[in-house]
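Here is how the chains run, residue by residue.
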Amino acid sequence: MTELQLRKQIITIALQMNSLGINRGKSGNVSARWKDGFLVTPSGLPYETTKPADIVFIDAKARARGKRAPSSEWRFHFDIYRAKDEVHAVVHTHSSFATTLACLGMAVPAFHYMVAIAGGNSIRCAPYATFGTQTLSDHALKAMEDRRACLLANHGMISTGTSLAGALALAVEVEALCEQYWRALQVGKPNLLSDDEMILVIEKFKTYNAPAH
Ligand SMILES: [Zn+2]
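This report concerns the structure included in the present document. Owing to the predicted nature of the structure, the values given are computational and were not obtained by experimental measurement. (Residues numbered from 1 in each chain as written. Predicted model: local features only at pLDDT ≥ 70, side-chain atom pairs only at ≥ 80, totals over all residues. Heavy atoms only, no water.)

Structural notes on the coordination of the zinc ion
Here is the rule we go by: Because water is not among the atoms used, a metal site may look incomplete, as its donors are only the N, O and S atoms within 2.8 Å, or 3.2 Å for Na, K and Ca. Put simply, DSSP marks the helices as runs of H or I at least four residues long and the strands as runs of E at least two long, and each gets a number from the N terminus on. When a residue's accessible area, from a 1.4 Å probe over protein chains only, is under 20% of the maximum for its type it is buried; when over 50% it is exposed; and in between it is partly exposed.
The protein atoms that coordinate the zinc ion are H92 (NE2), H94 (NE2) and H155 (NE2), at distances of 2.1 Å. Linear spacing of the donor residues for the zinc ion on their chain is H-x1-H-x60-H. Separated by 61 residues along the polypeptide, H94 in the loop between β5 (89-93) and α3 (96-103) and H155 in the loop between β7 (149-152) and β8 (156-161) bring together distant segments of the chain. The class of H155 is buried, set by a relative accessible area of 9%.

Structure (structure tokens):
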């Protein structure tokens with residue numbers, strides 16, 4: 001894939017994030033690994049008017065190159081690519097149900113086997129820190145240990161993937177799980193699956209009908 005194709009794909013995924021209803025306006029951001037760094041959506045520009053040249057490159061030394069400022073959340077994108085070799089794309093959104101649980105400081109436990117799609121027996125919620133800070137990035141990285149996604153307290157969620165399509169699909173899945181968990185909580189106390197069962201499901205995902213990630 002050429003750099004131009006990847007820049008176009010980032011915009012397509014950002015637009016899909018909004019059309020799928022998991023993001024509104026300009027609050028989310030999208031990035032993809034490129035060369036020794038990554039390409040990321042710019043700060044404060046509606047995706048509808050974002051052009052490939054507006055996408056910002058950030059190199060391995062955290063230097064931004066481009067005609068616009070990178071998303072204010074570029075730090076956790078930077079740290080995720082540095083910490084996780086397998087990650088090639090990152091999607092960040094303030095989707096409604098993930099953000100609702102995050103505002104309550106709630107993690108998503110193993111109430112449904114699909115929670116394993118995020119890599120473990122829960123989807124953790126990182127403690128609150130101001131947007132754009134190194135502290136937020138540090139909290140997010142810790143919440144994403146052995147995980148492909150996490151919630152961010154009083155903020156939203158982060159999802160990752162080996163491709164842009166995979167990161168978007170996981171964000172959609174995490175949002176659906178957060179909605180289902182929230183709905184179950186309205187009626188009662190969901191039955192949680194055991195750690196052994198979740199280990200089994202994680203193994204099955206590796207070999208059988210593995211969802212995109
Ligand atoms: Zn945000």
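Text resumes after the structure shown.
Looking at the packing of helix α1 (residues 3-19) against helix α5 (residues 164-187)
Applied cut-off: Note on method: axes are straight lines fitted to C-alpha atoms, helices fitted across the in-contact stretch only, with angles between N-to-C directions ranging 0 to 180 degrees. Should an angle fall under 35 degrees it is called roughly parallel, over 145 degrees roughly antiparallel, and 65 to 115 degrees roughly perpendicular, with every other angle called oblique. By convention the crossing between two helices is left-handed if the near helix lies anticlockwise of the far one by an angle smaller than a right angle, and right-handed if it lies clockwise. When checking whether two residues touch, look at their non-hydrogen atoms; a contact exists if any pair is within 4.5 Å. Residue classes follow a fixed rule: Ala, Val, Leu, Ile, Met, Phe, Trp, Tyr, Cys and Pro count as nonpolar, while Asp, Glu, Lys and Arg count as charged, and any other residue, Gly among them, counts as polar.
α5 packs onto α1 with a crossing angle of 15° between their chain directions and a minimal axis gap of 10 Å. With respect to their mutual orientation, α1 and α5 come out roughly parallel. Seen along the crossing, α1 lies across α5 with a hand that is right-handed. Residue-level inspection shows L6, Q9, I10, I13, Q16 and M17 of α1 in contact with α5, the latter providing L164, A165 and L168. Of the residues that constitute the contact of α1 with α5, the class distribution is 7 nonpolar, 2 polar and no charged.

Thoughts on α1
To keep things clear, this is the line we draw: Here a helix's expected span is defined as the number of its residues, less one, multiplied by 1.5 Å. It is the directions from the helix axis to the C-beta atoms that the arc portrays.
Between its terminal C-alpha atoms α1 stretches 24 Å, which fits the 24 Å expected from 17 residues at 1.5 Å a residue. Within α1 the residues assigned to the buried category are L6, R7, I10, I11, I13, A14, M17 and N18. Buried residues along α1 cover an arc of 160° about the axis, so they all sit on one side. Where α1 is buried, its residues touch β1 (29-34), β2 (37-40), β3 (56-58), β5 and α5. Two residues or fewer past α1, G21 is found with a positive phi of approximately 80°.

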